[in-house]
Amino acid sequence: MEQTRKSDKNTDNGNIFYAVAMRGLVAFPKMVMHFDVARQKSVDSIEMALKEGGKLFLVTQHETYVENPKATDVYKVGVVAEIKQVLKLPDNIMKVLVEGVYKASLIRLIDDGETLKAEVKRMPTYSRAKVDEVETEALMRSVKDVFERYSQYFPKMPKELLTSVMTQDDPYKLFEAVTFNCNLNYRDKQTLLEETNILNKLSVLFACLSSEVEILELENLINEQTKNSIDKGQKEYYLREQMRIIQEQLGEDDGDEVFEYINDIYSLKLDKKNTEKLLKEADKLGKLPPSSQEAFVIKNYLDTVLDLPWNKYTKAKISMDKAEDILEKDHYGLKKVKERILEFLAVHMLNPEIKGQIICLAGPPGIGKTSIAKSIAKAMGRKYARVSLGGVRDEADIRGHRKTYVGAMPGRIITALQQAGSANPLILFDEIDKLCSDIKGDPSSAMLEVLDSEQNNAFRDHFIEVPFDLSKCVFITTANNVSAIPAPLLDRMELIELPSYTAEEKFHIAKEHLVPKQLKEHGLKGTQLKIEDAAIHDIIQYYTKEAGVRTLERSIASLCRKAAKKIASGDAKRVTVKAKELQDWLGVKKYLPDLLSQKDQVGVVNGLAWTSVGGVLMPLEVIVLKGTGKIEVTGSLGDVMKESAKIAVSYVRSVADKYGIDPDFYKNNDIHIHAPEGAVPKDGPSAGVTMTTALVSALSGMPVRADVAMTGEITLHGRVLPIGGLREKTMAAYKAEIGTVIIPVANKPDLEEVDDVVKNAIEFVYADDLAKVLDTALIKQPVKRRRGRPAKNASAAVAN
Ligand code: ADP
């Protein structure tokens with residue numbers, strides 16, 4: 001850019017000056033003004049004028065659009081002005097500052113093709129004719145009045161100007177001050193320039209200004225009305241958009257980022273309060289240095305909030321046939337579970353808006369809870385997300401930390417929504433029974449809010465702060481142990497219990513689901529790896545001990561890995577896993593059949609226990625030694641059983657006579673009760689009947705039948721109380737080939753859940769008191785008995 005100062009030479013080149021034809025602008029003597037020049041001819045004329053003394057003739061075009069004006073295209077009166085300053089801008093644009101010197105009339109316009117010149121004749125600015133003072137005063141007042149009104153529309157007009165106009169008593173100076181500072185139409189200004197009589201000048205000025213004020217008033221009114229009709233949000237959007245464009249023009253990149261946030265916030269279409277809250281954050285961001293820690297925190301916050309699936313819903317119609325297909329295809333067996341889930345889906349199909357239906361899938365690990373939840377999501381056309389609650393002890397895990405914390409994050413619910421990418425996913429809360437509570441707050445109360453359909457339409461995460469509507473989500477929970485679920489949570493859920501699998505079911509699951517799945521995952525074709533049926537049976541029997549099929553699946557995966565290695569390394573083209581070679585594949589057998597009392601023995605009873613991996617057979621041993629009345633309990637039973645042991649001893653004392661037991665046994669003997677170490681049972685008290693039977697046997701010398709197993713809690717008076725986990729316990733008895741199982745009479749209705757194979761193979765004895773248990777299990781006259789499951793009639797005889 002080049003700056004040129006006017007030269008001091010002030011040579012008036014006769015009456016001929018370089019000229020500029022002005023578009024929409026009128027100069028006045030004494031008026032300082034600046035304008036831009038873009039036409040080449042004008043630029044050149046100004047440059048020439050600068051060289052020749054710095055004077056210029058400014059004359060206004062009749063019509064602004066004329067590109068190459070001739071004499072007829074410009075007014076006859078213009079102003080000779082002095083160039084004060086010239087500033088060259090890029091693109092050959094010139095900014096010129098001039099001051100009007102005198103008025104002149106145009107005689108001739110000389111266009112040489114490159115520059116424009118004008119021959120002019122100087123004119124007096126004002127006629128010196130005498131004017132009526134009163135009239136002048138009146139006109140001056142009118143002009144001042146209208147100028148005052150005019151100035152109201154220009155709040156930025158300097159106060160001094162207003163004061164100087166209002167206090168002006170020289171009509172000429174008043175005229176100049178008002179004319180030079182008002183934005184009048186150029187044609188009006190030309191009239192004002194041409195007029196020489198001050199009275200006329202003032203009255204034209206008054207007329208022009210009055211009409212200008214009227215226009216302004218009208219414009220204002222229209223604006224006012226339109227402003228009301230534009231809704232506030234639109235207006236704000238409009239203004240922000242304008243700001244964004246301004247910022248863009250100024251090349252301010254950081255602003256761009258903020259505006260992107262603002263745009264994104266608007267497009268979330270949240271309610272007014274929350275939109276404002278987010279806008280405030282964006283605003284804050286705009287004011288912070290971009291690399292500051294706080295800016296980083298806000299950006300992270302906004303990114304997280306904007307990334308949430310606000311208003312993003314998946315839509316799918318539930319078709320019962322399709323749902324049934326999906327459930328059937330993904331899972332073997334589980335007939336009752338599938339039926340209940342189809343009922344649940346049917347309700348959702350008929351009433352998609354239904355709220356507060358929460359299923360809790362309960363059962364041991366590896367039983368298919370997670371995979372059923374996934375199938376439900378598929379059948380409902382929902383996205384799926386899993387939230388693991390195992391070991392969650394801090395409320396902040398669920399609800400997140402406030403964003404001001406270092407490393408703050410949203411809680412698990414919001415994270416699950418992020419993962420699902422939809423506002424109505426199916427969320428699986430895994431292991432809801434493993435929620436812990438401690439001093440850091442109770443996560444179960446946060447969970448209550450999440451699951452409560454009355455409250456969850458505005459779930460508030462501490463990090464996100466803006467409430468999120470969870471009411472459209474479908475929740476499913478899982479639990480291993482229903483009794484550990486906090487009661488208020490359990491209240492809200494519909495329990496569906498998944499029973500543990502029989503070996504037969506496991507075989508089918510392995511053959512139809514796990515093997516094909518693992519082959520696919522390992523990139524193997526069905527022809528490349530074959531696993532003999534007998535091998536699968538052996539894996540179930542000797543390599544796994546579980547209610548579900550997780551270890552079974554892992555063992556199959558291990559076979560696939562090894563086979564893949566063999567095939568990939570070229571050792572073999574196809575591989576068959578045979579039962580007899582299983583040890584080579586999986587190592588030595590890990591589990592041998594349950595420890596079972598092999599023959600009728602004194603003081604040894606087959607108890608049945610329920611553990612986290614399903615039911616187990618748990619033999620209990622009692623020996624009676626000479627001593628001083630001490631009771632010792634060892635093995636996997638722990639403290640819980642000490643109570644049961646005391647109850648058993650007291651009961652046996654009360655019936656000592658009936659079984660020929662020394663009534664003073666509790667004084668003269670030490671009693672040692674032992675449960676071989678193994679799986680740790682979850683239900684201590686249900687070994688009450690087992691312990692009493694073993695005690696009576698040990699004290700009376702009557703052997704206990706080896707083919708009988710039992711479970712039941714006892715009271716001091718010898719009543720047998722019901723227990724839990726009947727299905728799993730009877731399954732364990734079935735696997736151990738037990739012929740007779742004694743169960744509390746109150747558990748009789750639960751037999752409905754017991755598998756048919758189990759029911760067909762086992763004879764059940766329903767005991768309401770211990771006498772019945774002892775009658776069934778003890779052999780009063782020792783007889784030789786063949787080990788194994790007795791013939792049906794034989795055991796029925798025993799049961800009666
Ligand atoms: P959980 O959630 O109860 O611990 P998972 O759903 O993780 O159990 O199940 C473990 C594995 O066993 C999964 O691969 C699952 O597909 C499979 N599985 C469990 N039950 C069945 C079944 N009835 N039919 C087919 N596959 C099953």
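Residues numbered from 1 in each chain as written. Predicted model: local features only at pLDDT ≥ 70, side-chain atom pairs only at ≥ 80, totals over all residues. Heavy atoms only, no water.

(A) Structural view of the overall build of the chain. Counting secondary structure elements, the chain contains 28 helices and 23 strands. Counting across all 800 residues of the chain, residues that qualify as buried make up 47%. Sequence-distant contacts in the chain: of pairs separated by 6 or more residues, those separated by 24 or more amount to 73%. (Helix = DSSP H or I, 4+ residues; strand = E, 2+ residues; numbered from the N terminus. Buried < 20%, exposed > 50% of the residue type's maximum accessible area, 1.4 Å probe, protein only. Contact = heavy atoms within 4.5 Å.)

(B) Molecular detail of the pattern of salt bridges. For the structure on display, the rule yields 31 salt bridges. Here arginine 149 makes a salt bridge to glutamate 217, at a shortest N to O gap of 3.6 Å. Separated by 68 residues along the polypeptide, arginine 149 in helix H2 (residues 133–152) and glutamate 217 in helix H6 (residues 198–229) bring together distant segments of the chain. Classification of arginine 149 by relative accessible area gives partly exposed; the value is 37%. Classification of glutamate 217 by relative accessible area gives partly exposed; the value is 34%. One salt bridge in this structure joins glutamate 395 and arginine 399, with 2.8 Å as the shortest N-O distance. Here glutamate 395 and its partner arginine 399 are both found in helix H14 (residues 395–399), 4 residues apart, which amounts to about one turn of the helix. (Salt bridge = Lys/Arg side-chain N within 4 Å of Asp/Glu carboxyl O.)

(C) Region of interest: the sheet that holds strand S16 (residues 614–626). The mixed open sheet is built from 7 strands, whose spatial order is S17-S18-S16-S15-S19-S22-S23. At either end of the open sheet lies a strand with only one pairing partner, and these are strand S17 (631–635) and strand S23 (763–767). Strand-to-strand, the axes of this sheet are offset by a mean angle of 30 degrees, without reference to chain direction. Two elements, strand S15 (residues 604–611) and S16, share 8 bridges in a ladder whose sense is antiparallel. Along S16, the bridge assignment pairs valine 605 with leucine 620. In the packing of helix H25 (residues 726–735) onto the sheet, the strands contacted are S15, S16, strand S22 (740–744) and S23, and the crossing angle to S16 comes to about 75 degrees. (Pairing = 2+ DSSP bridges. Axes fitted to C-alpha atoms, helices over the stretch in contact; angles between N-to-C directions.)

(D) Fine view of the site of the ligand. Gly366, Lys369, Thr370, Lys517 and Arg550 are the nearest of the 19 residues found near the ligand. In the environment of the ligand, an oxygen atom lies 3.1 Å from a nitrogen or oxygen atom belonging to the backbone of glycine 368. The backbone of serine 371 places a nitrogen or oxygen atom 2.9 Å from an oxygen atom of the ligand. When the ligand is considered free in solution it has 560 Å² of accessible area, and contact with the protein chains removes 91% of it. Looking at the shell around the ligand, the elements with two or more residues in it are helix H13 (369–380), helix H18 (503–521) and helix H20 (550–568). A per-element tally of the shell around the ligand places H18 first, with 4 residues. Two domains each put at least three residues into the shell around the ligand: domain 3 (320–497) and domain 4 (503–586). (Near = heavy atom within 4 Å. Polar contact = N/O pair within 3.5 Å; in protein donor to acceptor, adjacent residues only side chain to side chain. Areas by Shrake-Rupley, 256 points an atom, 1.4 Å probe, with all protein chains shown as cover. Domains from an automatic or database assignment.)

(E) Fine view of the packing of H18 against helix H19 (residues 533–543). Axis separation between H18 and H19 bottoms out at 10 Å; the angle between their running directions is 120 degrees. Compared by their axis directions, H18 and H19 come out oblique. Relative to H19, H18 is oriented so that their crossing is right-handed. Two secondary-structure elements touch here, H18 through Ala503, Glu504, Lys506, Phe507, Ala510, Lys511 and Val515 and H19 through Asp533, Ile536, His537 and Ile540. (Parallel < 35°, antiparallel > 145°, perpendicular 65-115°, else oblique. Left-handed = near helix turned anticlockwise from the far one by under 90°.)

(F) Quick peek at helix H24 (residues 688–700). Here H24 is 13 residues long and its end C-alpha atoms lie 18 Å apart, about the 18 Å a rise of 1.5 Å per residue gives. Among all positions in H24, only Gly688, Val689, Thr690, Met691, Thr692, Thr693, Ala694, Leu695, Val696, Ser697, Ala698 and Leu699 are buried. Once H24 finishes, glycine 701 follows within two positions and takes phi at roughly 80 degrees, a positive value. (Expected span 1.5 Å × (residues − 1).)

(G) How the structure looks around the environment of glutamate 294. The residue glutamate 294 is located in helix H10 (residues 293–307) in this model. Sequence separation between glutamate 294 and threonine 404 is 110 residues, and the spatial gap between their C-alpha atoms is 9.1 Å.

(H) Here's a closer look at the packing of aromatic side chains. With the rule as written, the count across this model stands at 9 aromatic pairs. A centroid spacing of 5.8 Å and a plane angle of 45 degrees characterise the contact between phenylalanine 28 and phenylalanine 180, whose relative ring orientation is tilted. A residue pair is termed long-range when its members are at least 10 positions apart, and phenylalanine 28 in the loop between strand S2 (16–22) and strand S3 (32–37) and phenylalanine 180 in helix H4 (residues 171–181) qualify at 152 residues. Look at tyrosine 150 and phenylalanine 154: their rings are 4.8 Å apart centre to centre, the planes differ by 35 degrees, and that puts the pair in the tilted class. Ring-pair connections join several aromatic residues into one group, and the members of that group are Phe28, Phe175 and Phe180. Above the ring of tyrosine 102, the side-chain terminus of arginine 122 is found at 4.0 Å from the ring centroid. Directly above the ring of tryptophan 585 sits lysine 566, whose terminal nitrogen or CZ lies 4.6 Å from the centroid. (Phe/Tyr/Trp six-rings, centres within 6.5 Å; stacked < 30°, edge-to-face > 60°. Lys NZ or Arg CZ within 6 Å of the ring centre and 35° of its normal.)

(I) Region of interest: a nonpolar patch on the surface. Judged by side-chain polarity, Leu218, Leu221 and Ile222 come together as a nonpolar surface patch covering roughly 300 Å² of accessible area. Within the secondary structure, isoleucine 222 sits in helix H6. Judged by relative accessible area, isoleucine 222 falls into the partly exposed class, the value being 47%. (Patch = residues over 30% accessible without salt bridge, like charges linked within 9 Å, V, L, I, M, F, W, Y side chains within 5 Å.)

(J) Structural detail: the layout of surface pockets. Considering only enclosed or pocket space, the largest pocket measures out at about 1200 Å³ in volume. Elements supplying a minimum of two residues to the lining of the largest pocket: helix H12 (335–350), strand S12 (493–497) and H25. Of all the elements, H12 adds the most residues to the lining of the largest pocket, at 6 residues. Looking at the lining of the largest pocket, its residues break down into 15 nonpolar, 9 polar and 16 charged. Both domains that furnish three or more residues to the lining of the largest pocket are identified here as domain 3 (320–497) and domain 5 (604–799). (1 Å grid on protein atoms, 1.4 Å probe; cavity = no way out; pocket = protein on both sides within 12 Å on 5 of 7 lines; lining within 4 Å. Points joined across faces, edges and corners; volume = space filled by probe spheres on them. Nonpolar A, V, L, I, M, F, W, Y, C, P; charged D, E, K, R; others polar.)

(K) A negative patch on the surface, seen in detail. On the surface, Glu497, Asp750, Glu752 and Glu753 cluster together to form a negatively charged patch. Inspection of the secondary structure assignment puts aspartate 750 in the loop between S22 and helix H26 (756–761). (Lys, Arg positive; Asp, Glu negative; His and termini not counted. Charge placed at Lys NZ, Arg CZ, Asp CG, Glu CD.)

(L) Layout of the nonpolar core. Core analysis: the biggest nonpolar cluster contains 57 residues, and Leu278, Leu302, Phe429, Ile432, Met447, Leu470 and Phe475 have the highest contact counts within it. Sorting elements by how many residues they give to this core places helix H8 (residues 253–268) first, with 7 residues. Counting residues domain by domain, this core receives three or more from each of domain 2 (252–307) and domain 3 (320–497). Excluding its chain neighbours within four sequence positions, the residues that come into contact with leucine 470 are Ile413, Leu417, Val450, Asn456, Asn457, Phe459 and Phe475. The next biggest cluster of nonpolar side chains, apart from the first, holds 55 residues, and it includes Leu361, Ala379, Tyr501 and Val515. (Core = buried A, V, L, I, M, F, W, Y, C linked by side-chain atoms within 4.5 Å.)

(M) Geometry of the pairing of strand S4 (residues 55–60). Counting buried residues in S4 gives 6 out of 6 residues, a clear majority hidden from the surface. Every second residue of S4 is oriented toward a common face, with Lys55, Phe57 and Val59 on one face and Leu56, Leu58 and Thr60 on the other, all of them buried. Taken together, the 5 bridges between S2 and S4 define a ladder with parallel strand orientation. The residue of S4 that forms the bridge with tyrosine 18 is leucine 56.

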